[in-house]
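If you want the building blocks of each chain, they are given just below.
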Amino acid sequence: MSVEPPKSSSSKPSTSSQSDLSVTVIGGGTMGNGIAHVFAQSGHPVTLVDVSKEACERAFATIEKNLGRMVTKEKLTEQQMQETLQRLSTSMSIQEGCQDAGLIVEAVPEVLQLKRDVYQDVEAVVEPNAVIATNTSSISITKLANTLKHPERFIGMHFFNPVPVMSLVEVVKGHQTDQAVVDAVMAWSQGLGKVPVPVNDSPGFVSNRVLMPMINEAIFSVYEGVATPEHVDEVMKRGMAHPMGPLRLADFIGLDVCLDILRVLYEGFQDPKYRPCPLLVKMVDAGTLGDKTGQGFYSYK
Ligand SMILES: NC(=O)c1ccc[n+]([C@@H]2O[C@H](COP(=O)([O-])OP(=O)(O)OC[C@H]3O[C@@H](n4cnc5c(N)ncnc54)[C@H](O)[C@@H]3O)[C@@H](O)[C@H]2O)c1
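Definitions and limits used
Residues numbered from 1 in each chain as written. Predicted model: local features only at pLDDT ≥ 70, side-chain atom pairs only at ≥ 80, totals over all residues. Heavy atoms only, no water. Phe/Tyr/Trp six-rings, centres within 6.5 Å; stacked < 30°, edge-to-face > 60°. Helix = DSSP H or I, 4+ residues; strand = E, 2+ residues; numbered from the N terminus. Buried < 20%, exposed > 50% of the residue type's maximum accessible area, 1.4 Å probe, protein only. Near = heavy atom within 4 Å. Polar contact = N/O pair within 3.5 Å; in protein donor to acceptor, adjacent residues only side chain to side chain. Areas by Shrake-Rupley, 256 points an atom, 1.4 Å probe, with all protein chains shown as cover. Nonpolar A, V, L, I, M, F, W, Y, C, P; charged D, E, K, R; others polar. Domains from an automatic or database assignment. Contact = heavy atoms within 4.5 Å. Buried area = accessible area lost by both parts, 1.4 Å probe. Salt bridge = Lys/Arg side-chain N within 4 Å of Asp/Glu carboxyl O.

1. Points about the packing of aromatic side chains
Part 1: Summed over the entire model, instances satisfying the criterion amount to four aromatic pairs.
Part 2: Where phenylalanine 39 meets phenylalanine 159, the ring centres are 6.5 Å apart and the plane angle is 70°; that geometry is what we call edge-to-face. Taken together, the positions of phenylalanine 39 in helix α1 (residues 30–41) and phenylalanine 159 in strand β6 (residues 154–159) put the pair 120 residues apart, joining distant regions of the chain. We note that phenylalanine 39, like phenylalanine 159, is buried.
Part 3: Geometrically, the ring pair formed by tyrosine 119 and phenylalanine 154 is edge-to-face, given 4.9 Å between the ring centres and 65° between the ring planes. Note that tyrosine 119 is positioned in helix α5 (residues 112–125) and phenylalanine 154 in strand β6, a separation of 35 residues in sequence.
Part 4: Of the residues examined, tyrosine 119 reaches a relative accessible area of 1% and is grouped as buried.
Part 5: What makes phenylalanine 154 buried here is its relative accessible area of 0%.

Here you go:
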């Protein structure tokens, strides 16, 4: 595979083959450790950057545990697991961790200013032809890019949780993203064994624009006394062949995350059809956020 560099950066080509691509993942939480895992498993040297030694160790231990599970299930050999771990290193410094990367994937929390601060540090040290991707689930790619010196090399690379299991990567082209960067990210995603789908930048992209109104309507059905959470989920599982009902899924995603994304849709489109259900707002205010707090539409205690 040969990839053209972004038009307005240096003439030095980007990567020439899949495994030549060095990847740096910034943020080693739920998504970041999964993203680092899949790149390392596919043969890429990966540096994982997080804020503290403890966070780096936690991310590494999670990857080790998840790889171990794959070995137990005979999806991976012990040798492949060891080789994958050898390709992984961690760092507490963006400056140190990004210098040689051809692709940087940012997976820090969903806070606009935090992400922009990270990009500023990244741009100060990366090669001119490096691609900078974000795993944001809802913030506009165009808006995130507007403080970058080179917005043409910035792109959305939206992985799904759990990353080693879910095959989709939503590849989001910002207003200024160069087509060569889209093509490169599509190819790199395929190299991971994923199925990349290109979309243009728009609130919620495609995934959350379609999913969140469905979850919101499921919550309205409970709020208006149409059916219980169990019955709403049963209808969608048995009638629509969904593997998981929308309310169970909302608990899994986190009700606070669902509310944040609905607000992005509501504000982004200025359309009342995205108005978050008052029951969702109330549950978030009460701190019943789903799996992570032990209580949401279902109890996990
Ligand atoms: N959790 C999901 O299901 C999901 C799915 C798709 C996309 N996303 C998106 O992925 C991104 C990350 O979400 P997450 O759920 O993995 O978050 P998380 O809170 O689990 O992990 C974030 C990590 O970033 C680290 N971090 C914070 N500031 C940092 C900095 N300045 N430099 C380096 N590391 C830093 C934290 O220590 C933490 O380890 C968000 O933008 C989110 O919207 C999440």
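2. Points about the site of the ligand
Part 1: Taken together, 22 residues form the shell around the ligand, and within it Met31, Asp50, Glu110, Lys115 and Ser137 come nearest.
Part 2: Between valine 108 and the ligand, the recorded distance is 3.4 Å, taken from a backbone N or O atom to an oxygen atom.
Part 3: The separation between an oxygen atom of the ligand and a polar side-chain atom of lysine 115 is 2.8 Å.
Part 4: In isolation the ligand exposes 840 Å². Once the protein is present, 75% of that is buried.
Part 5: The greatest single-element share of the shell around the ligand, amounting to three residues, is contributed by α5.
Part 6: For the shell around the ligand, the class distribution of residues is 10 nonpolar, nine polar and three charged.

3. Section: the domain arrangement of the protein chain
Part 1: For the protein chain, the domain assignment lists domain 1 (23–200) and domain 2 (207–290).
Part 2: Taking only C-alpha atoms into account, the centre of domain 1 sits 28 Å from that of domain 2.
Part 3: Facing six residues of domain 1, the contacting portion of domain 2 comprises five residues.
Part 4: Roughly 440 Å² is buried in total at the junction of domain 1 and domain 2, and carbon and sulfur atoms are behind 52% of that figure.
Part 5: Taken together, the connections running from domain 1 to domain 2 amount to zero salt bridges.
Part 6: Counting across the interface, domain 1 meets domain 2 through two residue pairs in polar contact (both at pLDDT 80 or more).
Part 7: Looking at side-chain class alone, the side of domain 1 that touches domain 2 contains one nonpolar, four polar and one charged residues.

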